Amino acid sequence: MTHDQQERGELAVRDFLDYLTGLVAKRRSKLGDPEHDVLTRLILGERGGDKLSELELLHNIIFILNAGHETTTNLIGNGLYLLLEWPDARARLIADPALIRPAVEEILRFESSNQLGNRVTTASAVIGGVSVPAGTFLTLGIGAANRDPDEFASPDLFDVTREPNRHLAFGSGAHVCAGLNVARLEGRIAIGRLLTRFPQYRLSSPPIRGGRARFRGFLSLPAELA
Ligand code: HEM
């Protein structure tokens with residue numbers, strides 16, 4: 001990262017925090033309905049009296065917004081691109097819209113929006129024959145795991161009927177993605193409805209990939225709908 005890029009990044013975070021500080025103050029003065037408003041819910045705290053500090057509150061808002069927005073946007077973009085690359089899969093999905101459920105799972109596996117995971121070992125361990133001491137930072141290759149031939153038959157085949165499909169796009173264990181249900185729902189609705197309404201959509205100029213290691217998606221995917 002250049003000095004200039006770092007400056008711009010830090011400025012963006014400060015701007016974002018300023019904006020959120022104002023938003024939180026406004027919401028504190030007039031709370032919303034905690035059943036429908038996430039910010040009100042975070043302000044009130046869920047475990048009787050055990051509330052978030054101001055800093056924890058602001059950083060949780062940033063985290064949830066980032067975790068939920070870009071990943072799902074990329075799920076939709078990656079899916080629409082894959083259905084152009086694999087016309088047979090697209091034709092099957094148009095003929096049988098109920099396939100949208102396994103199709104979204106296959107998009108998540110094939111082009112995982114989040115390619116890398118992170119863990120810190122709490123005890124020494126042997127992973128894949130390598131000894132790892134306690135306190136080691138690990139980067140997990142989610143994208144690679146999702147093409148593991150020991151788990152997935154023909155892993156480089158995009159198969160909208162794949163079953164079972166035990167992909168790791170949402171991670172696993174105690175910290176598995178907290179938004180996986182809403183993400184799946186958004187993916188099914190957005191991709192399913194676009195395909196029903198514009199079955200002939202096609203690229204209007206070459207797409208541009210985001211080019212980042214962790215987040216897989218497109219900067220732009222220009223398309224003609226009709
Ligand atoms: C296609 C969409 C999404 C993908 C691929 C995705 C992927 C992931 C991954 C890989 C993790 C880490 C899990 C682990 O370490 O085992 C994670 C965590 C998380 N995600 Fe998502 N996510 C998506 C959408 C969302 C949405 C829509 C929300 C919320 C509105 C969300 C909120 C979170 C939160 C809060 C965590 C942290 C959970 C914890 O540490 O306990 N995600 N997500």
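Here the structure is shown first, and the text comes after it.
Source: prediction; values computed, not measured. The residue count restarts for each chain, going from 1 along the sequence in the order it is written. Only residues with pLDDT of at least 70 are given local features in this predicted model, and only at 80 or more are side-chain atom pairs given and counted; all residues enter the totals for whole chains, interfaces and linings. No hydrogens and no water enter the side-chain calculation; it runs on all heavy atoms of the structure.

**Q** For this particular structure, what's the right way to read helix H7 (residues 180-197)?
**A** In an α-helix there are 3.6 residues to a turn, and that puts residues three or four apart on one side. Numbering of helices and strands runs from the N terminus; a helix is a DSSP stretch of H or I covering at least four residues, while a strand is a stretch of E covering at least two. An expected span of 1.5 Å times one less than the residue number is assigned to each helix. Across its 18 residues, H7 extends 25 Å between first and last C-alpha, which sits within 8% of the 26 Å expected from 1.5 Å per residue. Inspection of H7 places Leu180, Ala183, Arg184, Gly187, Arg188, Ile191, Gly192 and Leu195 among the buried residues, and these make up the whole buried set. All buried residues of H7 fall inside an arc of 135° around its axis, so they share one side. Turned more than 90 degrees away from the buried face of H7 sit Asn181, Arg193, Thr196 and Arg197, all of them exposed. Buried residues belonging to H7 abut helix H3 (54-85), helix H4 (87-95) and helix H5 (100-110). With a 1.4 Å probe rolled over the protein chains alone, any residue whose accessible area is under 20% of its type maximum counts as buried; one over 50% counts as exposed, and the rest are partly exposed. The arc refers to the directions leading from the helix axis to the C-beta atoms. We call two residues in contact whenever any of their non-hydrogen atoms come within 4.5 Å of each other.

**Q** How should I be thinking about the coordination of the iron atom of the ligand in this particular structure?
**A** Geometry reference: four tetrahedral donors at a metal, ideal angle 109.5 degrees. Six octahedral donors, ideal angles 90 or 180 degrees. Protein coordination of the iron atom of the ligand rests on one atom only, Cys177 (SG), at 2.3 Å. Relative to the assigned elements, Cys177 resides in the loop between helix H6 (142-145) and H7. A donor here means an N, O or S atom no more than 2.8 Å from the metal, or no more than 3.2 Å when the metal is Na, K or Ca. Since water is not included, a site may seem to lack partners.

**Q** Any chance you could explain the environment of Pro199 here in plain terms?
**A** By the element assignment, Pro199 lies in the loop between H7 and strand E5 (202-203). Discounting residues that sit within four places of it in the chain, Pro199 has contacts with Arg90, Ile94 and Leu194.

**Q** How should unusual backbone geometry be read in this particular structure?
**A** Note: most residues except glycine have negative phi, and most peptide bonds are trans. Between Glu163 and Pro164 the backbone carries a cis peptide bond, its omega angle lying at -5°. Mapped onto the secondary structure, Pro164 falls in the loop between H6 and H7. For Ser154, which is not glycine, the phi dihedral falls at a positive 40°. For Ser154, a relative accessible area of 47% translates into the label partly exposed.

**Q** What's the story with the site of the ligand in this structure? I'm lost.
**A** Near, as used in this document, describes a residue that has one of its heavy atoms within 4 Å of the molecule or strand being considered. In the vicinity of the ligand, 22 residues are found, and the nearest of them are Gly68, Arg119, Ser172, His175 and Cys177. By the criterion applied in these results, polar contacts are pairs of N or O atoms within 3.5 Å in which, for protein atoms, one can donate a hydrogen and the other can accept it, and in which residues neighboring in sequence qualify only through two side-chain atoms. Here a nitrogen atom of the ligand and a backbone polar atom of Ala67 are 3.5 Å apart. The separation between an oxygen atom of the ligand and a polar side-chain atom of His175 is 2.6 Å. Only H3 and H7 provide two or more residues apiece to the shell around the ligand. At 6 residues, H3 tops the list of elements feeding residues into the shell around the ligand.

**Q** For this particular structure, what's the right way to read the nonpolar core?
**A** Generally speaking, soluble globular proteins have nonpolar side chains that are buried together. For our purposes a nonpolar core is just a set of buried Ala, Val, Leu, Ile, Met, Phe, Trp, Tyr and Cys residues, chained together by side-chain atoms within 4.5 Å. Formed by 22 residues in total, the largest nonpolar core has its most connected members in Leu83, Leu93, Ile107, Leu108, Phe158 and Ile191. Mapped by element, the contributors of at least two residues to this core are H3, H4, H5 and H7. The greatest single-element share of this core, amounting to 6 residues, is contributed by H5. Judged by nonpolar contacts, the second largest core, of 9 residues, contains Leu20, Leu42, Ile43 and Ile61.

**Q** What should I look at first to understand the packing of aromatic side chains in this one?
**A** Given two aromatic rings, one states the distance between the centres and the angle between the planes to describe the pair. The rule is short: rings of Phe, Tyr and Trp, with Trp giving its six-membered ring, pair when the centres are within 6.5 Å, and they are stacked under 30 degrees, edge-to-face over 60, tilted in between. Inspection of every chain in the model, using the stated rule, returns 4 aromatic pairs. Relative to Phe110, the ring of Trp86 has its centre 5.9 Å away and its plane inclined at 85°; by these criteria the two rings are edge-to-face. Of this pair, Trp86 sits in the loop between H3 and H4 while Phe110 sits in helix H5, and the two are 24 residues apart along the sequence. The class of Trp86 is partly exposed, set by a relative accessible area of 28%. With a centroid separation of 6.0 Å and an interplanar angle of 50°, the aromatic rings of Trp86 and Phe158 are classed as tilted.

**Q** It is not clear to me how the environment of Arg119 should be interpreted in this structure. Could you clarify?
**A** Within the element layout of this structure, Arg119 appears in strand E1 (residues 116-120). A residue is classified by how much of its surface remains accessible, and Arg119, at 39% relative accessible area, is partly exposed. Through-space distance from the C-alpha of Arg119 to that of Thr21 is 30 Å; in sequence the pair is 98 residues apart. Beyond its immediate sequence surroundings of up to four residues, Arg119 is in contact with Thr136, Phe137, Leu138, Leu140 and Ser172. In this structure the side chain of Arg119 is engaged in a polar contact, spanning 3.2 Å, whose partner is the backbone oxygen of Ser172.

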